[in-house]
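These are the residues of each chain, in order.
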Amino acid sequence: MIIVFALFLLTLLVITALAIVQTTNLFVAVMLTSIFSLLMASNFFILDAADVALTEAAVGAGITTVIFLAALMLTTEHEKPHLSRRKLNTVVITILASLIIYATFDKPRLGDPDAPVHQHLAPWYLEKTPEYMDFPNVVTAILGSFRGYDTLGEVFVVFAACIGVLFILGVKPPEGSTYNPYRSGLKHHLIPQVVGRLLIPFLVLFGLYVQFHGEYSPGGGFQAGALIASAIILYALLEGEAAALRAVPRSVLLGLVIGGATLYGGVGVVCILMGGNFLEYTVLLDNPVAAQQTGIILIEAGVGMAVCGALLSIFHAFAARPMRV
Amino acid sequence: MYLVVSIAILVTMILALVRALRGPTVYDRVLAVNMFGTKTVLLLAVIAFLFGRPDFLDLALAYALINLVGVLAVLEFIQNKPRKAETSNID
Amino acid sequence: MIETVVDILSWFLLCTGGIFVLIGGIGTLRLPDFYTRLHAASLTETMATILILVGMILQAGLTLATIKLLTIMAFLLLTAPTASYALANAALQSGNSPNAQQRDDQT
């Protein structure tokens with residue numbers, strides 16, 4: 001039954017993806033992308049990947065739509081038609097696609113118990129997580145400790161993306177049309193204002209729950225950072241960008257990004273100084289299980305800070321630019 | 001019984017997707033996306049019960065909270081961007 | 001005895017909710033102009049939500065799941081009508097007047 005559900009959702013996913021490629025209206029493409037993300041999250045959910053689905057929920061539904069639209073404010077709404085080399089493109093894509101499809105024939109079936117991943121790695125993780133960390137969410141254990149290097153890499157990718165956007169969009173906008181679309185917000189809309197304000201504290205609370213309950217239920221630093229960032233973006237949409245910057249100024253955002261990445265790296269360095277390997281949390285405290293938990297909580301906090309700061313910085317970088325009319 | 005409800009929701013998702021693809025106005029598309037969002041919340045909740053994983057309801061909760069952010073961003077976009085009222089069809 | 005009654009009641013609610021979702025979906029596809037379609041869509045967002053979630057609450061009994069379902073219901077019932085309102089307002093302000101004679105979907 002899971003297969004039937006997944007196939008159904010994947011079919012819808014393919015239709016949506018084709019429509020996104022087909023349309024030349026960028027606004028329509030953004031709307032369809034948000035449907036794509038909802039379908040993707042349902043798919044992850046059906047395959048029991050609740051942590052990934054929660055990330056998709058936190059990032060895909062709210063923040064990507066907001067950032068896409070903020071980018072769309074700076075450009076025209078229609079894609080320029082370009083017809084050159086159509087045939088060559090089609091040929092290249094067809095060859096590549098058939099190669100990839102041919103490669104999937106060698107892949108093990110979905111959920112095949114004889115697949116290599118279910119022989120060596122997964123059983124080991126499942127067996128060792130209760131022993132080393134003593135909490136139920138294996139995904140958090142893998143992300144935070146067993147494969148902590150990968151997550152460190154991800155945090156630095158987020159950091160680099162934030163720096164890149166700030167370098168390109170952070171320059172002073174040209175004089176002339178300085179109409180900032182996010183200046184006034186939705187102040188003259190009473191009902192969205194009231195409901196939105198009511199929602200903000202709950203979003204932050206839910207974000208904190210996801211952050212600090214990540215060892216026991218789906219979630220962790222990344223999802224929490226995105227949820228809290230979307231709460232502040234909601235505030236910016238309602239009250240105007242300037243009000244959000246007054247509440248959480250740029251310096252705090254940069255501090256969050258840098259502080260988060262430094263906290264993660266710093267935990268690793270402290271581990272070295274206390275006689276272990278990089279990111280080997282067991283040396284942090286006398287009790288190795290408590291030490292693992294402390295290390296994971298610390299680096300999850302770092303991830304949350306970095307993601308929240310980076311997403312908000314990117315949003316403000318786009319929203320501060322004058323609109324192209 | 002959960003199965004029946006989830007199939008009904010999936011069929012409605014197709015209908016909303018068709019509406020999002022056909023338009024014809026931007027508002028129809030936004031309406032379809034919004035509807036798709038609430039249907040996803042319901043689908044996740046129903047599937048959580050169907051597969052016996054009620055601890056995964058957190059996800060539906062996240063969507064219930066976050067959907068509004070996207071819709072308000074669209075509203076702000078539509079208000080600020082001067083536009084021709086109708087957009088082209090894409091089929 | 002009580003259990004059977006609760007079961008039947010919750011199945012009834014779930015079924016009705018499913019039917020409402022379907023009707024709303026068909027309405028969103030078939031109705032002639034934006035405002036009528038908005039009406040159909042908001043039907044699925046309030047009535048169907050209440051029916052389906054209450055049906056599931058009856059199945060879950062007094063557990064953590066019930067509290068989560070109640071929270072989901074509260075937030076959906078707050079946000080979905082707000083979104084519908086915001087959308088209708090935006091459409092109206094852009095000069096898209098609700099007019100039963102005008103049919104924009106003859107494709």
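Each chain carries its own residue numbering, running from 1 in the direction its sequence is written. By the order in which they are written, chains take letters starting at A while ligands take numbers starting at 1. Local features in this predicted model are restricted to residues whose pLDDT is 70 or higher, and side-chain atom pairs enter the listing and the counts only when it is 80 or higher, whereas totals over whole chains, interfaces and linings include all residues. Side-chain metrics in this entry use all non-hydrogen atoms of the structure; hydrogen atoms and water are not considered.

A. Region of interest: the overall build of chain C. Here a strand is any run of E in DSSP of at least two residues, a helix any run of H or I of at least four, and the numbering for each starts at the N terminus. Broken down by element type, chain C carries three helices and zero strands. Starting at the N terminus and walking to the C terminus, you meet the elements of chain C as α-α-α. Computed over the C-alpha atoms, the radius of gyration of chain C is 17 Å, more than 25% above the 13 Å expected from 2.2 N^0.38 for a compact globule of 107 residues. Considering only C-alpha atoms, chain C reaches an extent of 55 × 25 × 15 Å along its principal axes. Two residues qualify as a contact provided that any one of their heavy atoms is within 4.5 Å of a heavy atom in the partner residue. Within chain C, counting contacts between residues at least 6 apart in sequence, those at least 24 apart form 69% of the total. Here the open area of atoms and residues is found with the Shrake-Rupley method and a 1.4 Å probe, where only the protein chains shown may cover a residue. Taken as a whole, chain C presents about 5300 Å² of accessible surface, with 71% of it coming from carbon and sulfur. Think of it this way: Lys and Arg go in the positive column, Asp and Glu in the negative one, and His and the chain ends go nowhere. A charged residue contributes its charge at one atom only: NZ of Lys, CZ of Arg, CG of Asp or CD of Glu. Computing the positive centroid from 4 side-chain charges and the negative centroid from 6, chain C places the two 7 Å apart. In this treatment the radius of gyration is a C-alpha quantity, and the globule benchmark scales as 2.2 Å times the residue count to the 0.38 power.

B. A look at the pattern of salt bridges. Residues and elements named next belong to chain A. Any Lys or Arg side-chain nitrogen found within 4 Å of a carboxyl oxygen on Asp or Glu counts as a salt bridge. Summed over the entire model, instances satisfying the criterion amount to five salt bridges over all chains. A salt bridge links Arg-147 to Asp-150; the nearest nitrogen and oxygen atoms lie 2.9 Å apart. For every residue, the accessible area obtained with a 1.4 Å probe (protein chains only) is divided by the maximum for its type, and the residue is called buried under 20%, exposed over 50%, and partly exposed between those limits. The partly exposed category is assigned to Asp-150, whose relative accessible area is 39%. Here Glu-239 ties to Arg-197 by a salt bridge, and the two come within 2.9 Å at their closest N and O atoms. Placement of Glu-239 in helix H10 (residues 221-239) and of Arg-197 in helix H9 (residues 190-212) is noted, with a sequence separation of 42 residues between them.

C. How the structure looks around the interface of chain C and chain A. Contact with chain C, which involves eight residues of that partner, is made by eight residues of chain A. Contact between chain C and chain A buries roughly 690 Å² in total, counting both sides, with carbon and sulfur atoms accounting for 82%. By buried area we mean the combined loss of accessible area, with a 1.4 Å probe, across both parts when two parts are placed together. When the area that chain C buries against chain A is broken down by residue, the three leading residues are Phe-75, Thr-82 and Tyr-85 of chain C, summing to 55%. Across the chain C-chain A interface, the total number found is zero salt bridges. Whenever two N or O atoms come within 3.5 Å, that pair is a polar contact, provided that in protein one can donate a hydrogen and the other can accept it, and provided that, for residues adjacent in sequence, both atoms are side-chain atoms. Viewed at the interface, chain A and chain C are joined by zero residue pairs in polar contact (both at pLDDT 80 or more). Here the nonpolar group is Ala, Val, Leu, Ile, Met, Phe, Trp, Tyr, Cys and Pro; Asp, Glu, Lys and Arg are the charged ones; every other residue, Gly included, is treated as polar. Residue composition of the side of chain C that touches chain A, grouped by class: four nonpolar, three polar and one charged.

D. Local environment of empty space enclosed by the protein. Whether a set of points on the 1 Å grid over the protein atoms alone is a cavity depends on a 1.4 Å probe fitting there but being unable to get out, while an open set qualifies as a pocket with protein on both sides within 12 Å along at least five of seven lines; lining residues are those with an atom within 4 Å of a point. Grid points are joined across faces, edges and corners, and a volume is the space filled by probe spheres set on the points. Here the structure, examined in full by the defined rule, presents four cavities of 30 Å³ or more. Lining of the largest cavity is provided by Met-31, Ser-34, Leu-38, Ala-61 and Thr-65 of chain A together with Val-30, Val-33, Asn-34, Asn-67, Gly-70, Val-71 and Val-74 of chain B. When contributions to the lining of the largest cavity are tallied by element, the ones reaching two or more residues are helix H2 (26-46) and helix H3 (50-72) of chain A together with helix H2 (26-50) and helix H3 (57-80) of chain B. Broken down by element, the residue count for the lining of the largest cavity peaks at four residues, all from H3 of chain B. Of the residues belonging to the lining of the largest cavity, the class tally is seven nonpolar, five polar and no charged. What the second largest cavity holds in volume is close to 50 Å³. Taken together, Asn-34, Thr-38, Ala-64, Asn-67 and Leu-68 of chain B together with Leu-76, Thr-79, Ala-80 and Ala-83 of chain C form the lining of the second largest cavity. Within the residue set of the lining of the second largest cavity, elements represented by two or more residues are H2 and H3 of chain B together with helix H3 (64-93) of chain C. No other element matches the four residues that H3 of chain C contributes to the lining of the second largest cavity. For the lining of the second largest cavity, the residue count by class is five nonpolar, four polar and no charged.

E. Up close: the packing of helix H1 (residues 2-22) of chain B against helix H1 (residues 2-30) of chain C. Lines are fitted to the C-alpha atoms to define the axes, a helix being fitted only along its stretch in contact, and any angle between axes, read from their N-to-C directions, falls within 0 to 180 degrees. With their axes 9 Å apart at the nearest point, H1 of chain B and H1 of chain C run at an angle of 15 degrees to one another. Viewed along their axes, H1 of chain B and H1 of chain C adopt a mutual orientation that is roughly parallel. Taken as a pair, H1 of chain B and H1 of chain C cross one another with a handedness that is left-handed. Of the residues in H1 of chain C, those touching H1 of chain B at Tyr-2, Val-5, Ala-8, Ile-9, Val-11, Thr-12, Leu-15, Val-18, Arg-19 and Arg-22 of chain B are Trp-11, Leu-14, Gly-18, Val-21, Leu-22, Gly-25, Ile-26, Thr-28, Leu-29 and Arg-30 of chain C. Of the residues belonging to the contact of H1 of chain B with H1 of chain C, the class tally is 13 nonpolar, four polar and three charged. Any angle that is under 35 degrees is reported as roughly parallel, and any over 145 degrees as roughly antiparallel; angles of 65 to 115 degrees are reported as roughly perpendicular and all others as oblique. Crossing handedness follows the turn of the near helix against the far one: under a right angle anticlockwise gives a left-handed crossing, and clockwise gives a right-handed one.

F. Representation of helix H6 (residues 121-132) of chain A in the model. All names here are of chain A. By this rule the span expected of a helix is its residue count minus one, scaled by 1.5 Å. Taking 1.5 Å as the rise per residue, H6 with twelve residues should run 16 Å; its terminal C-alpha atoms sit 16 Å apart, in good agreement. Turning to H6, its buried residues are Tyr-125, Lys-128 and Thr-129. Around the axis of H6, the buried residues are gathered within 115 degrees of arc, so they sit on the same side. Across from the buried face of H6, at angles greater than 90 degrees, the exposed residues are Leu-126 and Glu-127. Looking at the buried side of H6, the elements it contacts are helix H7 (138-146). Picture the helix axis, draw a direction to every C-beta atom, and the arc is the one those directions span.

G. Region of the structure containing the interface of chain B and chain A. Taken together, the contacts link 48 residues of chain B with 66 residues of chain A. In total, chain B and chain A occlude about 5100 Å² of area from one another, counting both sides; carbon and sulfur atoms represent 80% of this. Counting across the interface, chain B meets chain A through zero salt bridges. Between the two partners, chain B and chain A, sit one residue pair in polar contact (both at pLDDT 80 or more). Of all the elements, H3 of chain B adds the most residues to the side of chain B that touches chain A, at 20 residues. In terms of residue class, the side of chain B that touches chain A is made up of 34 nonpolar, eight polar and six charged.

H. Quick peek at the layout of surface pockets. Residue and element names in this part refer to chain A. Considered as a void within the structure, the largest pocket measures approximately 1200 Å³ in volume. Around the largest pocket, the lining comprises 31 residues; the ones closest to its centre are Leu-10, Leu-18, Val-21, Gln-22 and Ile-93. Listing elements by their share of the lining of the largest pocket, those giving two or more residues are helix H1 (2-22), H2 and helix H4 (86-104). In terms of residue count, H1 provides more of the lining of the largest pocket than any other element does, seven residues in total. Lining the second largest pocket are 27 residues, with Leu-47, Asp-48, Ala-49, Leu-126 and Val-139 positioned closest to its centre. Taken together, the elements giving at least two residues each to the lining of the second largest pocket come down to H3, helix H5 (116-119), H6 and H7. Grouping the amino acids of the lining of the second largest pocket by side-chain chemistry returns 18 nonpolar, four polar and five charged. When residues are assigned to domains, the lining of the second largest pocket turns out to be shared by domain 1 (1-114) and domain 2 (137-325), each giving three or more. What fixes the domain bounds is an automatic or database domain assignment.

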